[in-house]
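What the coordinates show
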Amino acid sequence: MNKPVDKFRPGRRTFLKGVTVAGGVATITCIADTTLAESEPVTEPLSKETSQGYKVTPHIQEYYRKARF
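Below is a summary of the structure that appears in this document. Everything numeric here is computed off the predicted structure, so don't read it as measured data.

1. Comments concerning the overall build of the protein
When you go through the protein residue by residue, the secondary structure sums to 2 helices and 0 strands. Here the protein holds 69 residues, and 0% of them are scored as buried. Carbon and sulfur atoms form 62% of the exposed surface of the protein, whose accessible area is close to 7400 Å².

In structure tokens:
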């Protein structure tokens, strides 16, 4: 005979709750770790004299060619 589908399974329910909590903790830990790692000193922006601007190079031209419809 088949087991009833709606039977209460405390072991499975407890496991799923634990997995959910562990996933949340892991997510918070990763976010906190990357937030702390990203704190770098602020640098001054490049002046116009050192900036060379946008240049179309051969690989950019190839990209534009392939992106056309």
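2. Concerning the pattern of salt bridges
Counted according to the given criterion, the structure contains 2 salt bridges. Salt-bridge contacts for Arg65 lead to Glu62; the nearest nitrogen and oxygen are separated by 2.5 Å. Residue Arg65 and its partner Glu62 are both found in helix H2 (residues 58–67); the two are separated by 3 residues, about one turn of the helix. What makes Arg65 partly exposed here is its relative accessible area of 47%.

3. Some words on a nonpolar patch on the surface
Nonpolar side chains collect at one region of the surface, where Tyr54, Val56, Tyr63 and Tyr64 lie side by side and expose about 490 Å² of accessible area between them. According to the relative accessible area criterion, Tyr54 is exposed, its value standing at 58%.

The rules we used
Residues numbered from 1 in each chain as written. Predicted model: local features only at pLDDT ≥ 70, side-chain atom pairs only at ≥ 80, totals over all residues. Heavy atoms only, no water. Helix = DSSP H or I, 4+ residues; strand = E, 2+ residues; numbered from the N terminus. Buried < 20%, exposed > 50% of the residue type's maximum accessible area, 1.4 Å probe, protein only. Areas by Shrake-Rupley, 256 points an atom, 1.4 Å probe, with all protein chains shown as cover. Salt bridge = Lys/Arg side-chain N within 4 Å of Asp/Glu carboxyl O. Patch = residues over 30% accessible without salt bridge, like charges linked within 9 Å, V, L, I, M, F, W, Y side chains within 5 Å.

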